[in-house]
Amino acid sequence: MPLIVRALTPEAFAPYGDVLTAPADAGRQYFEAGLGNLRPGAHASLSMVNRAPIDGLPLEVTLLERHEFSSQTFVPTDASRWLIIVCPHAPGGGPDAAQAIAFVASGGQGVTYRPNTWHHGLTVLDRPASFAVFMWRDGTQGDEEFVTVEPFTVAAPG
C-alpha cells in the first residue's frame with residue numbers, strides 16, 4: 001500500500017524537526033533552537049542547491065539518509081511544492097522505513113531536520129527549484145550516511 005503525502009504542518013513534523021515559515025507581519029522570526037551540532041570540530045556549512053523536478057507521483061523510495069551529528073536545514077529560495085519523507089529509527093538500528101511519513105511543502109516552507117533524523121533526499125515537484133542548505137560538516141564519514149531500504153511507494157492523495 002502506498003504512503004500518501006499530506007500537507008506539512010509544524011505539529012505533524014515536530015518529531016523530526018522544525019517547519020520554517022516567514023512571519024506573517026513585518027519582522028524577523030528566529031529558528032536557531034532547532035539547529036544542532038554534536039561535533040565540536042565541525043564547521044558551519046551553507047550551500048545552494050538546484051533540483052530538477054521528478055516526473056510526478058508515485059515515487060519509489062529505495063534510499064534514505066541521515067546526518068547523525070548535524071541538523072540540516074532547507075530553505076527554498078525559488079520553489080513550488082517539494083516532498084519531505086522522514087522516518088524514525090528501527091529498534092535494531094537504521095531507518096524504520098515501514099513507519100515513514102511523507103509531507104508536501106509549499107515554496108514558502110523550509111524545514112530543519114534534527115541531528116540523526118532519517119530522511120529522503122531533496123525532491124521537488126512541479127518545476128525546477130533552488131534551496132539554501134545549512135548544516136555542520138567536518139569532512140568525515142560522520143557528515144552523512146546513506147542506507148538502501150526495502151522499496152516503498154509515495155503517492156499523491158486521492
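Undergrad: Break down the side chain of His 119 for me, citing the residues and quoting the values.
TA: Mapping His 119 onto the fold places it in strand E10 (residues 118-119). Of the polar contacts made by the side chain of His 119, one reaches the backbone oxygen of Thr 117; its length is 3.0 Å. Once you skip the residues sitting within four places of it in the chain, His 119 turns out to touch Leu 64, Glu 65, Arg 66, His 67, Gln 72, Ile 85, Val 86 and Tyr 113.

Undergrad: Describe the packing of aromatic side chains, listing the residues and the values that go with them.
TA: For any pair of aromatic rings, geometry is given as the distance between the ring centres together with the angle between the planes. Scanning all chains against the criterion turns up 7 aromatic pairs. Summarising the aromatic geometry, the rings of Phe 74 and Trp 82 are spaced 6.5 Å apart at their centres and angled 50° between planes, so their arrangement reads as tilted. Overall, Phe 74 belongs to the buried group, its relative accessible area being 7%. Ring geometry for Phe 134 and Trp 136: centres 4.9 Å apart, planes at 75°, overall edge-to-face. Judged by its relative accessible area of 22%, Phe 134 is partly exposed. What links up through ring pairs into an aromatic cluster is the set Phe 13, Tyr 16, Phe 74, Trp 82, Phe 103, Tyr 113 and Phe 131.

The rules behind these values
Residues numbered from 1 in each chain as written. Predicted model: local features only at pLDDT ≥ 70, side-chain atom pairs only at ≥ 80, totals over all residues. Heavy atoms only, no water. Helix = DSSP H or I, 4+ residues; strand = E, 2+ residues; numbered from the N terminus. Polar contact = N/O pair within 3.5 Å; in protein donor to acceptor, adjacent residues only side chain to side chain. Contact = heavy atoms within 4.5 Å. Phe/Tyr/Trp six-rings, centres within 6.5 Å; stacked < 30°, edge-to-face > 60°. Buried < 20%, exposed > 50% of the residue type's maximum accessible area, 1.4 Å probe, protein only.

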